[in-house]
Amino acid sequence: AWGMTEMSPLGSFCSLKPVYEGLSGDALYDLKVKQGHPPFTVEFRLTDDAGADLPWDGKTFGRLKVRGPAVAGAYYRSEDGILDDHGFFDTGDVATMDSHAYMRITDRSKDVIKSGGEWISSIDLENLAVGHPKVAEAAVIGVPHPKWDERPLLIVQLKPGESATKEDILKFMEGKIAKWWMPDDVQFVDAIPHTATGKILKTALRDQFKAYSFPNAAA
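Predicted model, so just to flag it, every value in this text is computed and none were measured.

Caption draft 1: View of the packing of aromatic side chains. Applying the stated criterion across every chain yields a total of seven aromatic pairs. An angle of 80° between the planes, with centres 6.2 Å apart, marks the rings of Trp180 and Trp181 as edge-to-face. On the basis of relative accessibility, which here comes to 38%, the residue Trp180 falls in the partly exposed class. Residue class for Trp181 comes out buried when judged on its relative accessible area of 12%. The interplanar angle of 80° and the centroid separation of 6.4 Å between the aromatic rings of Phe209 and Tyr212 together place this pair among those described as edge-to-face.

Here it is, written out as structure tokens:
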């Protein structure tokens, strides 16, 4: 299930609709790891940065917006509304939606990497990188690029006593994602910073690498 305080709090749950009751094996697992479909009274909307609706094809990801009678319309002691002209609240999450309204969160909108007009999920890259047997933790941030606006930089913390090169990590990731999703560089660190709740503190990483530029980046 998934939700937010602003939704009071349930936004979706992953029960099986009749159309999916015949699934088994990997297909069933792929469905169950999604955040699921909205309950009665909750509506989903998927848009690009300009607010245009995106297809519910299970592949295209965009901004997840929600609407419903239990969705907050403002924050305490603030006169500013938080709903758009259609009454939808922007959750700050980036997600995909399939034709039966099953939603999968792929990133936070502030963390998604916008490269050449397309979006790259930092979470998908991180999940792939930590699959390497020598990697303890990984984080991905977008770094400005003269041609593509942003490109992914992979930041890796290795397991104690292990050693690896940039080429080792990228070779492990090769073929598992679209070629243009591949990080342009890998930087190794002793530790990746976290928030008090254990999430990767990407603001600190952006500050740490604010002077970084990709080697041989061509305009």
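Alright, that's what it looks like, and here's the rest.
Caption draft 2: View of the environment of Ser122. Along the chain, the position of Ser122 falls in helix H2 (residues 122–129). Separated by 16 residues in the primary sequence, Ser122 and Thr106 place their C-alpha atoms 8.1 Å from one another. Here the side chain of Ser122 touches Lys202 through a polar contact of 3.0 Å, side chain to side chain.

Caption draft 3: The arrangement of the pairing of strand S6 (residues 103–108) in detail. Pairing of strand S5 (residues 89–97) with S6 involves five bridges; the strand directions are antiparallel. Looking across to S6, one finds that Asp93 is bridged to Arg108. Once S5 ends, the chain turns through five residues before running back antiparallel as S6, passing Ala101 with a positive phi of about 70°.

Caption draft 4: Geometry of the layout of surface pockets. By volume, the largest pocket amounts to about 700 Å³. As for the largest pocket, its lining consists of 24 residues, of which Arg108, Asp111, Ile123, Lys199 and Ile200 are closest to the centre. Mapped onto the lining of the largest pocket, the elements with two or more residues apiece are S6, H2, strand S9 (135–145) and helix H4 (202–208). Considering every element that reaches the lining of the largest pocket, the biggest residue donor is S6, with five residues. Residue classes in the lining of the largest pocket are distributed as seven nonpolar, five polar and twelve charged.

How each quantity is defined
Residues numbered from 1 in each chain as written. Predicted model: local features only at pLDDT ≥ 70, side-chain atom pairs only at ≥ 80, totals over all residues. Heavy atoms only, no water. Phe/Tyr/Trp six-rings, centres within 6.5 Å; stacked < 30°, edge-to-face > 60°. Buried < 20%, exposed > 50% of the residue type's maximum accessible area, 1.4 Å probe, protein only. Helix = DSSP H or I, 4+ residues; strand = E, 2+ residues; numbered from the N terminus. Polar contact = N/O pair within 3.5 Å; in protein donor to acceptor, adjacent residues only side chain to side chain. Pairing = 2+ DSSP bridges. 1 Å grid on protein atoms, 1.4 Å probe; cavity = no way out; pocket = protein on both sides within 12 Å on 5 of 7 lines; lining within 4 Å. Points joined across faces, edges and corners; volume = space filled by probe spheres on them. Nonpolar A, V, L, I, M, F, W, Y, C, P; charged D, E, K, R; others polar.

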